[in-house]
Amino acid sequence: MKLNNKTIWVIGASSDIGKGLVLEIAKNKNVQIVLSSRNKQDLINIVKQTKLDNDDYLILPFDLQNPKKNPILINTILDKFSKIDILINASNVSIQKPFIETEYETIRKVMDINYFHQVNLYRKLIPIMIKEGGGTIICVLDIFAHFSKSQFAVYSASKHALSGFYKGLNDEFNKNNIRALIIYGKKNIKINSKKIISEIKQEKRYIYLSYKDSILVGLFGLREIYNRLLNKLYKK
């Protein structure tokens with residue numbers, strides 16, 4: 001998959017991973033980038049570090065906590081670029097807190113931002129991608145999508161949900177030429193944006209920010225293979 005002439009929407013563009021990917025994507029010819037996060041000034045500062053022309057980018061601040069704006073946001077992008085080829089979602093809210101001390105409102109907020117509001121956005125976007133003949137949706141997860149530990153129960157639950165959703169999404173819409181890719185790794189580590197973009201171009205289903213992440217996810221992947229075998233047997 002080439003990025004030339006693609007319209008790429010990066011949500012969480014001001015995060016470490018999001019910013020790194022925007023700067024690397026901007027090096028491709030004839031690429032259009034939509035930058036989204038809550039802070040507009042952060043997005044403006046990122047664009048200044050690129051050589052993008054005014055016609056090649058769109059600054060679109062928004063908060064995932066306001067899903068009612070999803071159709072407006074999508075239409076704003078379509079009005080300028082007429083299409084959305086790739087969505088990269090690097091947005092996230094984290095929490096480390098004893099479960100019984102965590103208010104329900106906080107639990108709901110974590111699940112809303114990390115799962116429900118993202119899924120709602122994809123419900124609006126995927127039909128557009130199908131009409132366009134396909135597309136790619138990319139999500140940034142971490143190892144908590146596969147396991148959990150003390151004080152991370154709520155956060156891990158949101159990541160487990162999103163991981164399962166992406167895997168099912170990939171299987172369901174593969175026939176429509178829509179790919180769901182997952183980037184695994186901690187968000188506070190130094191990333192190799194060039195390597196990540198290279199693997200996105202190769203349409204690798206799983207992309208790892210570090211060698212350690214690849215080993216850990218690989219071990220959990222053995223469990224997934226086992227579950228797939230069970231699923232096939234169940235279908236029979």
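Residues numbered from 1 in each chain as written. Predicted model: local features only at pLDDT ≥ 70, side-chain atom pairs only at ≥ 80, totals over all residues. Heavy atoms only, no water.

### A word on the environment of Ser148
What counts here: By the criteria applied, helices consist of DSSP H or I runs no shorter than four residues and strands consist of E runs no shorter than two, each listed in order from the N terminus. Contact definition: two residues touch when any of their heavy atoms are within 4.5 Å. Whenever two N or O atoms come within 3.5 Å, that pair is a polar contact, provided that in protein one can donate a hydrogen and the other can accept it, and provided that, for residues adjacent in sequence, both atoms are side-chain atoms.
Here Ser148 shows up in the loop between strand S5 (135–141) and helix H5 (153–173). In the structure, Ser148 is positioned eleven residues away from Lys159 in sequence and 9.8 Å away in space, judged by C-alpha atoms. For Ser148, the residues in contact, after removing those within four places along its chain, are Ala153 and Ser156. Polar side-chain contacts of Ser148 include one of 3.4 Å to the backbone oxygen of Phe152.

### Concerning the side chain of Ser193
Selection criterion: Relative accessibility decides the category of a residue: with a 1.4 Å probe and only protein chains considered, values under 20% of the type maximum give buried, values over 50% give exposed, and everything between is partly exposed.
Position of Ser193 among the secondary structure elements: in helix H6 (residues 193–201). By relative accessible area, which is 12% here, Ser193 ends up buried. Look past the residues within four positions of Ser193 in its chain and what remains in contact with it is Gly20, Leu21 and Glu24.

### Overview of the nonpolar core
Going by this rule: The set of buried Ala, Val, Leu, Ile, Met, Phe, Trp, Tyr and Cys residues whose side-chain atoms join them within 4.5 Å is what this entry labels a nonpolar core.
Ranked by size, the top nonpolar core spans 45 residues in total, and within it Trp9, Ile77, Leu87, Tyr122, Ile137, Phe165 and Tyr166 carry the most contacts. Contributions of two or more residues to this core are made by strand S1 (7–11), helix H3 (70–81), helix H4 (104–131), S5, H5 and strand S6 (178–184). Here the element with the most residues in this core is H4; it accounts for twelve residues. When residues no more than four places from it in sequence are discounted, the contact partners of Ile77 are Thr7, Trp9, Val34, Leu58, Leu60, Ser82, Lys83 and Ile84. Core analysis: the second largest hydrophobic core is formed by 28 residues, Ile8, Val31, Leu52 and Val140 among them.

### Some thoughts on unusual backbone geometry
Positive phi is not limited to glycine here, since Asn5 has a value of about 65°. As for its position among the elements, Asn5 is in the segment before S1. The class of Asn5 is partly exposed, set by a relative accessible area of 45%. Within the chain, Glu203 stands out as a residue other than glycine whose phi angle is a positive 55°. Note that Glu203 resides in the loop between H6 and strand S7 (206–208).

### A short note on H4
Operational definition: In this analysis, the expected span of each helix is defined as 1.5 Å times one less than the number of residues it contains. The bend at a residue is defined as the angle formed between two axes, one fitted to the seven residues ending at that residue and one fitted to the seven starting there.
If you check H4, its first and last C-alpha atoms are 39 Å apart, about what 28 residues at 1.5 Å a residue would give, namely 40 Å. Approximately 55° is the largest bend angle found in H4, and it occurs at Asp112. At the exit of H4 stands Gly133, carrying a positive phi of roughly 95°.

### Section: the pattern of salt bridges
Counted only if it meets this: For this analysis, a salt bridge means a side-chain nitrogen from Lys or Arg found within 4 Å of a carboxyl oxygen belonging to Asp or Glu.
As enumerated under the stated definition, the model contains seven salt bridges in all. A salt bridge links Asp85 to Lys83, with the nearest nitrogen and oxygen atoms 3.1 Å apart. Lys83 sits in the partly exposed class, given a relative accessible area of 26%. Between Arg108 and Asp112 there is a salt bridge, with its nearest N and O atoms 3.1 Å apart. Of the two residues, Arg108 and Asp112 both sit in helix H4, four residues apart, roughly one turn of that helix. Several salt bridges share partner residues, and in doing so they unite Lys195, Glu199 and Lys204 into one network.

### Details of the sheet that holds strand S4 (residues 86–89)
Two orientations exist for strands paired in a sheet by backbone hydrogen bonds: parallel and antiparallel. Quick reminder of the rule: Any two strands are treated as partners once DSSP identifies two or more bridges connecting them. Orientation is described by axes fitted as lines to C-alpha atoms, over the contacting stretch for helices, and by angles from 0 to 180 degrees between their N-to-C directions.
Taken together, seven strands build an open sheet; the order of strands is S3-S2-S1-S4-S5-S6-S7 and the sheet is parallel. Only two strands of the sheet have a single neighbouring strand rather than two, namely strand S3 (57–59) and S7. When the angles between neighbouring strand axes are averaged without regard to direction, this sheet yields 15°. Two elements, S5 and S6, share seven bridges in a ladder whose sense is parallel. Within the sheet, the bridge partner assigned to Ile138 lies in S6 and is Leu181. Contacting S1, S4, S5 and S6, H4 runs over the sheet at an angle of about 165° to S4. On the sheet, H6 packs against S4, S5, S6 and S7 and is oriented at approximately 170° with respect to S7.

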